[in-house]
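For reference, the chains in residue letters:
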Amino acid sequence: MKRDDFPIFKTTNRNKPLIYLDSAASAQKPQVVIDAIQQFYSSDYANIHRGIYELSERATAAYEATRLAVQQFIHAKSLDEIIFVSSTTEAINLVAQSFIRPYLKAGDEIIVSAMEHHSNIVPWYLLTEQCGAVLKVIPVLDSGELDHDAYQQLFSSRTKLVAVTHASNVLGTINPIKDMARIAHEKGVPVLVDGAQAIVHMPVDVSDLDCDFYAFSAHKLYGPTGIGVLYAKKQWHDKMLPYQGGGEMIETVSFDRITFADVPKRFEAGTPPIASAIGLHAAIDYVSSIGMEKMAAHEQQLLQVLEASLQAIANLRIIGTHHPKVGVVSFVLDGIHAHDVGSVLDHEGIAVRVGHHCAMPLMTRFDVPAVVRVSLGLYNTEQEIEALTRALHLTRKVFG
Ligand code: PMP
């Protein structure tokens, strides 16, 4: 499916045809995204918002057109609910520092889950140090599903936020965000969703999910690095205090008094990643032209083949068997360190990720130091999974 759209596949890895199974870390870029960025720098580039000349107006219009494209892509009700940030990581830190920290009292609680990426743990942990917040952790069952009964028990009158991932970057598990948000809202608690892994694997409708914040990075959506999105429900805008000070985020400035712009400008201080925004727009157009449902169906088909092939390998243990899951599968080969598996695969031209995947608490939960992670993108094929399987059998032979 659409593999030829990606010029990277004309290159090799260790002199073998590249088999890229690391899209969960970052997806490869289609030519249309590369071209859009190049075209923008060649013909439309200027700084935005402040220029009164045509070129700057053109650049501004292109940048703002991306905001509209994002709004439509994730079905936000209002354009000003779309804040451009550098990444998922920045989006989560922004919520922690602008929306939670100013109102937090020692002993207040944040609910996170045991399957979070560090970027949805550390910003909250920092609040434990900065203001005495307490982290409450939703446990993960052996299957890789969140313990939903335990989740309900974690709320108290001190709960200030639920911060949970839409899809796990290690287990692949898709969490039932709509239900989790409903439960939180019944208790008056807002919900932040880390959408870094979900955004590329399924249609996302923030209005239907009814989450309060949704964070994702363009680079996992076949777009460029350097830009991400924070969806922030309008209801909370007045409570979100300035986070980084600088140009563009103000209304008026004197040495005695500064007044701040409305959201989203309040959180877009300084020159933003303009060209990356143009690339994000091209990426959204690209995936929309294929269709998110069609992409998801292709990945689910490959996922089935992948899981069946892995299950047939001796002494291979998949970490996280719960479905529904995105095209992400992690495993250990008993007696062989994940890094050794990764090295053998690399020599066969196969790019996978090994290690703790920025989810150390999850490694502890499953009692493994590291796992091998295979993650799928729209360009992967069944032949590549066959090649992976052959290489894993080879790994077994090499290491006994
Ligand atoms: N959350 C999850 C679930 C992720 O997989 C990642 C990226 N690996 C992030 C957050 C952080 O994304 P970024 O590095 O683009 O900020």
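Right, let's walk through the structure included here. (Residues numbered from 1 in each chain as written. Predicted model: local features only at pLDDT ≥ 70, side-chain atom pairs only at ≥ 80, totals over all residues. Heavy atoms only, no water.)

## Re the sheet that holds strand 5 (residues 109-113)
Put simply, the rule is: Note on pairing: two strands pair once DSSP finds at least 2 bridges between them. Helix and strand assignments come from DSSP, with helices taken as H or I runs of at least 4 residues and strands as E runs of at least 2, each series counted from the N terminus. What counts as an axis is a line fitted to C-alpha atoms, over the stretch in contact for a helix, and the angles between N-to-C directions run from 0 to 180 degrees.
Across the sheet, which stays open at both edges, the seven strands sit in the order 4-10-9-8-7-5-6 with mixed pairing between neighbours. Each edge of the open sheet is held by one strand with a lone partner, namely strand 4 (82-85) and strand 6 (134-138). In this sheet, neighbouring strand axes are inclined to one another by 20° on average, regardless of whether the strands run parallel or antiparallel. Sheet analysis places strand 9 (residues 213-217) next to strand 10 (residues 228-232), joined by five bridges and oriented antiparallel. Paired with Phe213 across the two strands is Ala232, which belongs to strand 10.

## Some points on the sheet that holds strand 13 (residues 316-319)
We count it as follows: Residues count as neighbours in contact if any of their non-hydrogen atoms are within 4.5 Å of one another.
Taken in spatial order, the four strands make up an open sheet running 13-14-17-16, and their pairing is antiparallel. Each of the sheet's edge strands pairs with one partner strand only, and the pair in question is strand 13 and strand 16 (353-355). With direction set aside, neighbouring strand axes in the sheet form an average angle of 30°. Pairing between strand 13 and strand 14 (residues 328-333): four bridges, direction antiparallel. Within the sheet, the bridge partner assigned to Ile318 lies in strand 14 and is Phe331. Across the sheet, helix 9 (residues 292-311) touches strand 13, strand 14 and strand 17 (371-375), and the angle it forms with strand 14 is around 10°. Each of strand 14, strand 16 and strand 17 touches helix 10 (residues 338-347); the most contacted strand, strand 16, lies at about 160° to it.

## Some points on the site of the ligand
Selection rule: Definition of nearness: a residue and a molecule or strand are near each other if at least one heavy atom of the residue lies within 4 Å of the molecule or strand. We define a polar contact as two N or O atoms separated by no more than 3.5 Å, with the added condition that, inside protein, one atom must be a possible hydrogen donor and the other a possible acceptor, whereas residues neighbouring each other in sequence contribute only through side-chain atom pairs. Values of accessible area rely on a 1.4 Å probe in the Shrake-Rupley scheme; residue burial ignores everything except the protein chains shown. For this classification, Asp, Glu, Lys and Arg are treated as charged, while Ala, Val, Leu, Ile, Met, Phe, Trp, Tyr, Cys and Pro are nonpolar and the rest, including Gly, are polar.
Taken together, the neighbourhood of the ligand is formed by 13 residues, with Thr89, Asp194, Gln197, Ser217 and Lys220 sitting nearest. Backbone polar atom of Thr88 to an oxygen atom of the ligand: 3.5 Å apart, as the coordinates give it. In this structure, a nitrogen atom belonging to the ligand sits 2.6 Å away from a side-chain N or O atom of Lys220. For the ligand, whose accessible area on its own is 400 Å², the fraction buried by protein is 86%. Here the shell around the ligand is built from residues that sort into one nonpolar, 10 polar and two charged.

## So, unusual backbone geometry
Of the consecutive residues Val263 and Pro264, the connecting peptide bond is found in the cis state with omega at 10°. You can see Pro264 is positioned in the loop between strand 12 (258-260) and helix 8 (274-290). Cis geometry is found at the peptide bond from His323 to Pro324, where omega equals 5°. With respect to the helices and strands, Pro324 occurs in the loop between strand 13 and strand 14.

## Quick look at helix 8
Quick note on the threshold: Expected span of a helix, by definition, is 1.5 Å for each gap between consecutive residues, and there is one gap fewer than residues. Burial classification: accessible surface area is computed with a 1.4 Å probe over protein chains only, and a residue below 20% of its type maximum counts as buried, one above 50% as exposed, and the rest as partly exposed.
Between the first and last C-alpha of helix 8 there are 25 Å, a value that for 17 residues agrees with the 24 Å anticipated at 1.5 Å per step. Most of helix 8 sits inside the fold, with 14 of its 17 residues counted as buried. Count one or two residues on from helix 8 and you reach Gly291, which has phi positive near 105°.

## With respect to the pattern of salt bridges
The line we're drawing: Each salt bridge in this description consists of a side-chain nitrogen of Lys or Arg and a carboxyl oxygen of Asp or Glu lying within 4 Å of one another.
Overall, the coordinates contain 21 salt bridges when judged by the stated rule. One salt-bridge network, held together by shared partners, links Asp22, Arg353 and Arg373.

## So, the packing of helix 10 against helix 12 (residues 382-399)
Relative orientation and spacing of two packed helices are given, respectively, by the angle between their axes and the distance between those axes. Note the cut-off: Roughly parallel means an angle under 35 degrees; roughly antiparallel means over 145; roughly perpendicular covers 65 to 115; every other angle is labelled oblique. Helix crossings fall into two classes, left-handed where the near helix is turned counterclockwise from the far one by less than a right angle and right-handed where it is turned clockwise.
Two elements in contact, helix 10 and helix 12, have axes whose closest approach is 9 Å; the angle formed by their N-to-C orientations is 120°. It follows from the interaxial angle that helix 10 and helix 12 lie oblique. For the pair helix 10 and helix 12, the crossing hand works out as right-handed. Counted together, Asp340, Val341, Val344 and Leu345 of helix 10 and Leu388, Ala391, Leu392, Leu394, Thr395 and Phe399 of helix 12 form the full contact between these two elements.

## Considerations on the nonpolar core
The criterion, for reference: For the purposes of this section, nonpolar cores are sets of buried Ala, Val, Leu, Ile, Met, Phe, Trp, Tyr and Cys residues that join through side-chain atoms within 4.5 Å. Each domain's limits were defined by an automated method or a database of domain assignments.
Counting 85 residues, the largest nonpolar core has Ile74 and Tyr214 as its most contacted members. Sorting elements by how many residues they give to this core places helix 8 first, with 11 residues. There are two domains that each give this core at least three residues, and those are domain 1 (3-30 + 291-398) and domain 2 (33-289). In this structure, Ile74 is in contact with Ile82, Ile199, Val204, Asp205, Val206, Ser207, Phe216 and Tyr231, ignoring residues within four places of it in sequence.

Nothing here speaks to function; it is geometry throughout.
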